[in-house]
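Residues per chain are reported as follows:
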Amino acid sequence: MGCNDTGKVKAKPLDVSFKKEGMLQLKKAESDALVKTLDIEIADDEYQTQTGLMYRNSMKDKQGMLFIFPNEIARSFYMKNTRIPLDIIYISKDSSIVSFQKNAKPFDETSLPSNVPAKYVLEINAGLTNTWKLEVGDKIDFEVLN
């Protein structure tokens, strides 16, 4: 008698879907001109900030994840278990972009530091910071939906 797979359950890879929890506007520093409006997910507790965009298979260009931390310190992110390439945008407590880590590679566990203190971090699809011509000093404005 041979073995077969009947009765065995194959583990389905985890795929987390996007959940709109807020809206964020990116604005040019010198003119306050609107660059882009994004639907965002919010990561504001330890579990959410540790998990971030892990296990996602894709994200639309008008979506992002905003990490909200209780304080402004030097930050560092990595791409463990993250399947999609990202641009990581570090933002100060006054909502100004202070640094970027562009084209972060999927699954790369190399530290991607902010190099300066940041209170917020915005993750978007890789390449969009260049497409949208975002620069240090540009601003964000966001609202959390109830």
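Counting restarts for each chain: residues are numbered from 1 in the order of the written sequence. Selection of residues for local features in this predicted model requires a pLDDT of at least 70, selection of side-chain atom pairs for listing and counting requires 80 or more, and totals for whole chains, interfaces and linings are taken over all residues. Note: side-chain values were computed over all heavy atoms of the structure, leaving out hydrogens and water.

Caption draft 1: Summary view of the pattern of salt bridges. Definition used for salt bridges: Asp or Glu carboxyl oxygen within 4 Å of a side-chain nitrogen of Lys or Arg. Across all of its chains, the model carries five salt bridges by this definition. For glutamate 21, the salt bridge goes to lysine 19, with nearest N and O atoms at 3.8 Å. Three labels apply to residues, based on accessible area from a 1.4 Å probe with only protein chains included: buried if under 20% of the type maximum, exposed if over 50%, partly exposed otherwise in between. A residue is classified by how much of its surface remains accessible, and lysine 19, at 53% relative accessible area, is exposed. For glutamate 135, the salt bridge goes to lysine 28, with nearest N and O atoms at 3.1 Å. With a gap of 107 residues between them, glutamate 135 in the loop between α2 (128-131) and β7 (139-144) and lysine 28 in the loop between β1 (22-27) and β2 (34-43) connect regions that are remote in the sequence. The exposure class assigned to glutamate 135 is partly exposed, which follows from its relative accessible area of 43%. Through salt bridges with shared partners, one network takes in Lys28, Glu135 and Asp138. Elements are defined by DSSP. Helices are runs of H or I of four residues or more, strands are runs of E of two residues or more, and each kind is numbered from the N terminus.

Caption draft 2: Inspection of the environment of lysine 36 at higher detail. Within the fold, lysine 36 resides in strand β2. It is 7.8 Å that separates the C-alpha atoms of lysine 36 and tryptophan 132, two residues lying 96 residues apart in sequence. Working rule for contacts: check all heavy atoms of both residues, and any pair within 4.5 Å makes them a contact. Those residues in contact with lysine 36 that lie beyond four places of it in its chain are Leu24, Gln25, Leu26, Lys62 and Trp132.

Caption draft 3: The arrangement of the pairing of strand β3 (residues 63-77) in detail. Pairs of strands are assigned from DSSP output, requiring at least two bridges between the strands. Two elements, β2 and β3, share five bridges in a ladder whose sense is parallel. Within β3, the position partnered with isoleucine 42 by the bridge is leucine 66. Pairing of β3 with strand β6 (residues 112-125), which is carried by eight bridges, proceeds in the antiparallel orientation. Within β6, the position partnered with leucine 66 by the bridge is leucine 122.

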